[in-house]
Amino acid sequence: MDMVGIVDFEGRFLKLNAAWEATLGYRVEEMLGRHFVDFLHPDDRETTLQLARAMLEDGDMRSFENRYRHRDGSYRWLYWQARSYPDVRLTYCVARDVTPRKRTEENLHQARDLLMGIMANSGNVIYVKDIYGHYVLANPQYQSYLQLSESMIVGQTDYDLFSTDIADQIQAHENWVMDHRRSIQVEEYIPGDDRLHTFLATKFPLFDRDGALYGVCTIATDITYRKITEMQLLLRNRAIEASPTGISIADMLLPDTPLIYINPAFEKTTGYTALDVIGRNCRFLQGTDRDQPGLTAIRAALREQRAVTVVLRNYRKDGTLFYNELSLAPIHNDEGVLTHYVGISTDVTGRVLAEEKIQSQNQELVLANFELSSARKAAEDAAAQIQQQNEALMEANRELAYARRQAEEATRLKSQFLATMSHELRTPLNAIIGYTEIQLAGMAGELTQEQRDYQERVLANADHLLQLINDVLDIAKIEAGRLEIVDNPFDVRVWLDELIGQTQGLAVDKRLSFEVSIDERMPRVIIGDTARLKQIAINLVSNAIKFTESGGVRIQVRLHGRDAWKFIVSDTGIGIPSHLLETIFEEFRQVDSSSQRKQGGTGLGLSIVRKLTLMMGGNVRVSSELGKGSTFTVILPLREPK
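Being a predicted model, the structure only gives us computed values, none of them experimental.

Our next topic: the overall build of the chain. Helices and strands together make up the secondary structure of the chain, namely 17 helices and 22 strands. Of all 642 residues assigned to the chain, the portion counted as buried reaches 38%. Residue pairs in contact within the chain that sit at least 24 positions apart in sequence constitute 51% of those at least 6 positions apart. Looking at the chain as shown, the accessible area adds up to about 36,800 Å², and 54% of this sits on carbon and sulfur atoms.

What follows is the structure, encoded as structure tokens:
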């Protein structure tokens, strides 16, 4: 229950309802007569006093939040709506405990800060664009590549930042992601500080909680150096491919120094093709025969980055032994960094095979047993690790299932609470409206002009509050699954005439043009829920009139293909910013949500329109241009009586 109170112009509490005790722990008698500042958090006092003084001067409604001390010494966040009446020198206020929401907001801010920290410290380029190609986020790595600040990137398109050919290739990739609604991995080219950089980019679509696409995210890695290296290696391969001696090249910059090139002579000597070899360390040529003096000499040479020549026992693909005289030579780049080793292989089997045959066989047997033991131990370790990971995964799944059940139960209780409370509020409010109308009609005696003004003000605010409660009740019923669509045959033209009768007067009062047209091909009678259809239409038409100061409003009923019809409302009003087109259908979301906005409203109308439209099996679209107007199109299935 909301906290309701009356405060005099000196700031003392005069009347408080029972909700104050339930929320703050003080008995009402303890608070009456005390100044509201006595309960404020020290950090909120000055701001609240400034708001109070402003209300006393202008008498406008104020909405704000501050912290009040609980009897136990803790503080509760309260959301206030208050208004001062200088003629009676009283301030009326309504407050609600929003402490849980504030805690949730703090958690969300912490999560966002964590995400932004990850993006800022990622080694990859990360950016996000809306569905129109405008940047909405760019991490520091991307800013560094472009040598632009974030403010110079956000809001721009690729055509503002790059040449047309580069922008075209990026836009084509992102259009594919939006059209297919799935991720893609591509190579893209972006100008950097000194050259055109090559990026390996992963692009994926972003959806809101209703499944609507609102943007594309890109995570990209700079692979420019790798591409250059690949090109250089290709040239080297062509230069040495014709050599009659076996030649191989190993990349020292990659993990495990794999072979990246062998020539045809190497293939002929070993029996391995390039597909068998590329990407593997050359130790596979020794098989299990690892205990060789030549290998020790090679490892020492690698550590010291020098050339070496050794004789190794190697094995062809068919398993036959051959002795390889291997000469290794290091290659350094311009900075002196070791990048590759070139190996020149010569088959010297005939020279050494006879004297080492018996010794080689003994060594192979010992090494084979050792390798088998190592493999078995590695397998046992891997099995133990997999078991631990499975147990951790099962525990995580149990925690996720519990969290999901909690979230579903919280959502159900929220919807049930809103539905119940909205109904309970509407019943006494209808009584207030009824008794007020009786008094204004003179049925309870004549009223003075001042009394009539007060009662008219009560009636206007009660009607507004009733509409808000009806909207909240509809939203709650929809979310709780308690709102039903009742379909019956109805005359479209009669329905349209009733809609005109309810809304045209609003346009006339604002001296706006009001055009209505219906498709001649539209059937006379169709099936639908006329009450909910009218609720949708009145919401859209009322909004169009509300946000249009000059020009007019146009209503159209048209066929949409062979199995659908559409209801279109267009206006010449203020329009909607493009970045809000995907969010205006959210609950309590308005184009101007500030306390100083010109137009009132709860922000529930368009949310109800979308939810009702979806329940009827249709959808709603919006297009708008700021300063020129908006068009809302509701598309619904077309069903005719049999």
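From this point on, the discussion continues.
The next thing to look at is the packing of aromatic side chains. Under the definition given, this model contains 17 aromatic pairs. Aromatic pair tyrosine 127 and tyrosine 142: ring centres 4.5 Å apart, planes at 25 degrees, arrangement stacked. Taken as a pair, tyrosine 127 in strand E6 (residues 125-130) and tyrosine 142 in helix H5 (residues 140-146) lie far apart in primary sequence, 15 residues in all. The exposure classification of tyrosine 127 matches that of tyrosine 142, with both residues buried. Where tryptophan 495 meets phenylalanine 567, the ring centres are 5.8 Å apart and the plane angle is 70 degrees; that geometry is what we call edge-to-face. Taken together, the residues span a long stretch of sequence, with tryptophan 495 in helix H15 (residues 492-509) and phenylalanine 567 in strand E20 (residues 564-571) at a distance of 72 residues. Both residues of the pair, tryptophan 495 and phenylalanine 567, count as buried. Within the aromatic cluster, the residues linked to one another by ring pairs are Phe13, Trp20, Tyr26, Phe39, Phe64, Tyr68 and Trp80. One cation-aromatic arrangement involves lysine 102 over tryptophan 77; the distance from NZ or CZ to the ring centre is 4.3 Å. For the cation-ring pair, arginine 280 lies above phenylalanine 284, with the distance from its terminal atom to the ring centre recorded as 4.3 Å.

Attention now goes to the sheet that holds strand E1 (residues 3-8). Spatial ordering of the open sheet is given by E2-E1-E5-E4-E3, a layout of 5 strands whose pairing is antiparallel. Two strands lie at the open edges of the sheet, namely strand E2 (13-16) and strand E3 (62-69), each paired on one side alone. Each adjacent strand pair in this sheet contributes to an overall mean axis angle of 30 degrees, direction not counted. Where E3 and strand E4 (residues 75-85) come together, 8 bridges link them in antiparallel fashion. When the sheet's bridge partners are listed, glutamate 65 is paired in E4 with tyrosine 79. Running at roughly 140 degrees to E3, helix H3 (residues 45-58) makes contact with E3, E4 and strand E5 (90-97) of the sheet.

Our focus in this paragraph is the pattern of salt bridges. All told, the structure shown has 34 salt bridges when counted by the stated rule. For the salt bridge of arginine 96 with aspartate 2, the shortest nitrogen-to-oxygen distance reads 2.9 Å. Remark: aspartate 2 occurs in the segment before E1 and arginine 96 occurs in strand E5; sequence separation between them is 94 residues. You can call arginine 96 partly exposed: its relative accessible area is 47%. For aspartate 276, the salt bridge is made with lysine 317, and the minimal N-O distance between the two is 2.9 Å.

All right, on to the packing of helix H16 (residues 530-546) against helix H17 (residues 605-615) then. Packing of H16 against H17 brings their axes to within 10 Å, and their N-to-C directions diverge by 145 degrees. Every pair of crossing elements has a handedness; the one defined by H16 and H17 is left-handed. Here H16 contributes Arg532, Gln535, Ile536, Asn539, Leu540 and Asn543 to the contact with H17, which in turn contributes Gly605, Leu606, Ile608, Val609, Leu612 and Thr613. Of the residues that constitute the contact of H16 with H17, the class distribution is 6 nonpolar, 5 polar and 1 charged.

Attention shifts here to the confidence of the model for the chain. Averaged over every residue, the pLDDT of the chain is 86; the share at 70 or more is 88%. Scored below 50 in pLDDT, residues 593-597 makes 2 contacts in the model with residues more than four places away or belonging to other chains.

If you walk across this open sheet you meet the 5 strands as E12-E11-E15-E14-E13, and the pairing is antiparallel. Two strands close off the open sheet at either side, each with one partner strand: strand E12 (259-262) and strand E13 (308-315). Geometrically, the sheet is characterised by an average inter-axis angle of 30 degrees between neighbouring strands, direction not taken into account. Where strand E11 (residues 246-251) meets strand E15 (residues 338-347), 6 bridges bridge the pair, whose relative direction is antiparallel. Each bridged residue has a counterpart across the sheet, and for isoleucine 247 the counterpart in E15 is isoleucine 344. Sheet contacts for helix H12 (residues 293-304): E13, strand E14 (321-332) and E15; angle to E13, the most-contacted strand, approximately 135 degrees.

In this section: the side chain of threonine 48. Here threonine 48 is to be found in helix H3. Polar contacts involving the side chain of threonine 48 include one to the main-chain carbonyl oxygen of aspartate 44, which spans 2.7 Å. Ignoring any residue separated from it by four or fewer positions in sequence, one finds threonine 48 in contact with Phe36, Leu40, Phe64 and Asn66.

So, how was this worked out
- Residues numbered from 1 in each chain as written.
- Predicted model: local features only at pLDDT ≥ 70, side-chain atom pairs only at ≥ 80, totals over all residues.
- Heavy atoms only, no water.
- Helix = DSSP H or I, 4+ residues; strand = E, 2+ residues; numbered from the N terminus.
- Buried < 20%, exposed > 50% of the residue type's maximum accessible area, 1.4 Å probe, protein only.
- Contact = heavy atoms within 4.5 Å.
- Areas by Shrake-Rupley, 256 points an atom, 1.4 Å probe, with all protein chains shown as cover.
- Phe/Tyr/Trp six-rings, centres within 6.5 Å; stacked < 30°, edge-to-face > 60°.
- Lys NZ or Arg CZ within 6 Å of the ring centre and 35° of its normal.
- Pairing = 2+ DSSP bridges.
- Axes fitted to C-alpha atoms, helices over the stretch in contact; angles between N-to-C directions.
- Salt bridge = Lys/Arg side-chain N within 4 Å of Asp/Glu carboxyl O.
- Left-handed = near helix turned anticlockwise from the far one by under 90°.
- Nonpolar A, V, L, I, M, F, W, Y, C, P; charged D, E, K, R; others polar.
- pLDDT = per-residue confidence, 0-100.
- Polar contact = N/O pair within 3.5 Å; in protein donor to acceptor, adjacent residues only side chain to side chain.

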